[in-house]
Amino acid sequence: MFEFPISIRYLAVLSLLAGVVGLTSCSVTDLGKKDLTAVSGEPLKLRDLTDEETTGDLSVKDQFPDYNRTTASSSAHIFLIAGGAESPNYLQEIVDHRRLLIQSGHPASGISCFYVKPNPAEYEAHREQFDQLATEVEGFYLAAPHLIYRHMREAIKGEPEFVYLYAAGKGRKPIWVDQANGVERELAQHHTEYFGQYRIDLAGGPSGHMNSRMRLEALRDGIAIEHLLFTPRYLKQVLAEFPEETPKYVVLQADYSGGFVRSNFEELAEDTLTNVPNLAVLTATRHDRDSFRGTSGEVYSNFGEIFLDQLRKSDDSVANLNWRLIADEVAAEVRMREVGAAIAEEVASSPVYFSSWEEASFAEETATPRAVVEPVEAEEADSGSLVSATFEG
């Protein structure tokens, strides 16, 4: 078996990062309550790593400044994450999001941004936008799950007024081993958690951009899997370490991101964010839906554009925003745009909003494009309000 050189393996132990970039998207229409345990078996015969893969970095080298390698700051309590580089829109969203937050009075020192530089093919496909963005990312960190968790834990020491996280990237839902091929199958068979959770792919690696074959090699070398994944389970663990009285705001712009709030897997239900105290979450989709049927806007993702437009309407601090109103307006605009794009209701994005502050049981609700919400179905719960918003055309 080909192995990383010692230097790469050492870096992997220190900072291996990310979800999977470029894996085949699987379509599972009925997840049901199937057992998530992958079958055992002998490792597949996979190709050796290429020379480029052994360097630990697949990204372009000269077009972007170096990542920020400084120690996490306890003053930062706002975390903006562009998880992938297959589209420059993820990075565009956090660059402009950061600018809006600063204009609203949030100090730059309180905001930490994370991204990954594109590989050559991604860069060439979007050269103009990436070249413009390269002038905006000085001081940004590498988008790596363990690095993000470390920065969030450091923030606890600063006793922040609130914590806010926005993550944009490619969302994934659990898949079965018999639906995977090649590297995916190897990961699903021998590293069950990798595909047994909802997740947002983050493309960072020990020293830059990593692919799934490189991450598999790192897992074989013993890297802890929680260093690789941005999932409800691991995000919940970090958020729960903040004091209960600290308000927490999370916005997730990804396919299947509703899986961070609600899952139809009994095995994953306890991993959702809904048990974190003092929390509001807005996701781009339900747990079983992709966003705008996998299409994106010209500059931002469709959801990202709609959400940023809502932020532009207010100069308030994150902690003073009316999150329920924002969620209603975002969901209404999402559905109106999807109706205009002939996206049927049964496959609509259906953004999800949860707030532990609202005195309502879990509910799936239907709203008109004017965001008039009418409850359709409710389930008993201890506290919190869950909205999976769909709209009449």
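Every value quoted in this text rests on a predicted model; they were computed, and no experiment measured them. (Residues numbered from 1 in each chain as written. Predicted model: local features only at pLDDT ≥ 70, side-chain atom pairs only at ≥ 80, totals over all residues. Heavy atoms only, no water.)

**Some words on helix H7 (residues 182-190)**
Where H7 is concerned, the buried positions are Val183, Glu184, Glu186, Leu187, Ala188 and Gln189. Buried residues along H7 sit against helix H8 (192-195) and helix H9 (212-220). (Buried < 20%, exposed > 50% of the residue type's maximum accessible area, 1.4 Å probe, protein only. Helix = DSSP H or I, 4+ residues; strand = E, 2+ residues; numbered from the N terminus. Contact = heavy atoms within 4.5 Å.)

**Thoughts on the pairing of strand S9 (residues 352-355)**
Moving residue by residue along a regular strand, the side chains alternate between the two faces of the sheet. Along S9, one buried face is formed by Val352 and Phe354 and the opposite face, lined by Tyr353 and Ser355, is buried too. Here 4 bridges tie strand S8 (residues 279-283) to S9, and the two strands are oriented antiparallel to one another. Directly across from threonine 283, in S9, lies its bridge partner valine 352. (Pairing = 2+ DSSP bridges.)

**Regarding the side chain of histidine 209**
By secondary structure assignment, the location of histidine 209 is in the loop between strand S6 (199-200) and H9. Classification of histidine 209 by relative accessible area gives buried; the value is 2%.

**Comments concerning unusual backbone geometry**
Unlike most non-glycine residues, tyrosine 256 shows phi in positive territory, near 60°. Here tyrosine 256 lies in the loop between strand S7 (248-253) and helix H11 (266-269). Accessibility expressed as a relative area gives 10% for tyrosine 256, which makes it buried. Of note in this structure, asparagine 278 is not a glycine but carries a positive phi near 60°.

**Considering the nonpolar core**
Of all hydrophobic cores here, the largest spans 102 residues; its most connected members are Leu91, Tyr164, Leu165, Phe230 and Phe307. Setting aside its immediate chain neighbours within four residues, phenylalanine 307 contacts His97, Tyr164, Tyr166, Val251, Leu282, Trp323, Ile326 and Val330. (Core = buried A, V, L, I, M, F, W, Y, C linked by side-chain atoms within 4.5 Å.)

**A word on the environment of isoleucine 81**
One can find isoleucine 81 in strand S1 (residues 78-82). If sequence neighbours within four positions are ignored, isoleucine 81 has contacts with Ile94, Phe114, Ile148, Leu165, Tyr166, Ala167, Ala168, Leu202 and Phe230.

**Here's the deal with the pairing of strand S2 (residues 111-115)**
In terms of residue burial, S2 counts as a mostly covered element, since 5 of its 5 residues are buried. A two-sided burial pattern is seen for S2, the buried positions comprising Ile111, Cys113 and Tyr115 on one face and Ser112 and Phe114 on the other. In terms of strand pairing, S1 meets S2 through 4 bridges, oriented parallel. Opposite leucine 80, over in S2, you have cysteine 113 as the bridge partner. This β-α-β element, S1 to helix H3 (residues 89-103) to S2, shows right-handed connectivity. Looking at chain direction, S2 and strand S3 (residues 141-142) are connected through 2 bridges and run parallel. Bridge assignment links phenylalanine 114 to a residue of S3, and that residue is tyrosine 141. (Right-handed = clockwise from strand over helix to strand, strands pointing away.)

**Quick notes on the environment of glutamate 161**
Its location among the elements puts glutamate 161 in the loop between helix H6 (145-157) and strand S4 (163-168). Given a relative accessible area of 56%, glutamate 161 falls into the exposed group. In this structure the C-alpha to C-alpha distance between glutamate 161 and lysine 248, which are 87 residues apart in sequence, comes to 9.5 Å. Setting aside anything within four residues of it in sequence, one finds glutamate 161 in contact with Thr246, Pro247 and Ala319.

**What about the packing of H6 against helix H10 (residues 232-239)?**
For the pair H6 and H10, the least separation of the axes is 9 Å and the interaxial angle reads 20°. Between H6 and H10, the interaxial angle falls into the category roughly parallel. Crossing hand, H6 versus H10: right-handed. Mapping the contact onto sequence places Tyr149, Met152 and Arg153 in H6 and Tyr234, Leu235, Val238 and Leu239 in H10. For the contact of H6 with H10, the residue count by class is 6 nonpolar, no polar and 1 charged. (Axes fitted to C-alpha atoms, helices over the stretch in contact; angles between N-to-C directions. Parallel < 35°, antiparallel > 145°, perpendicular 65-115°, else oblique. Left-handed = near helix turned anticlockwise from the far one by under 90°. Nonpolar A, V, L, I, M, F, W, Y, C, P; charged D, E, K, R; others polar.)

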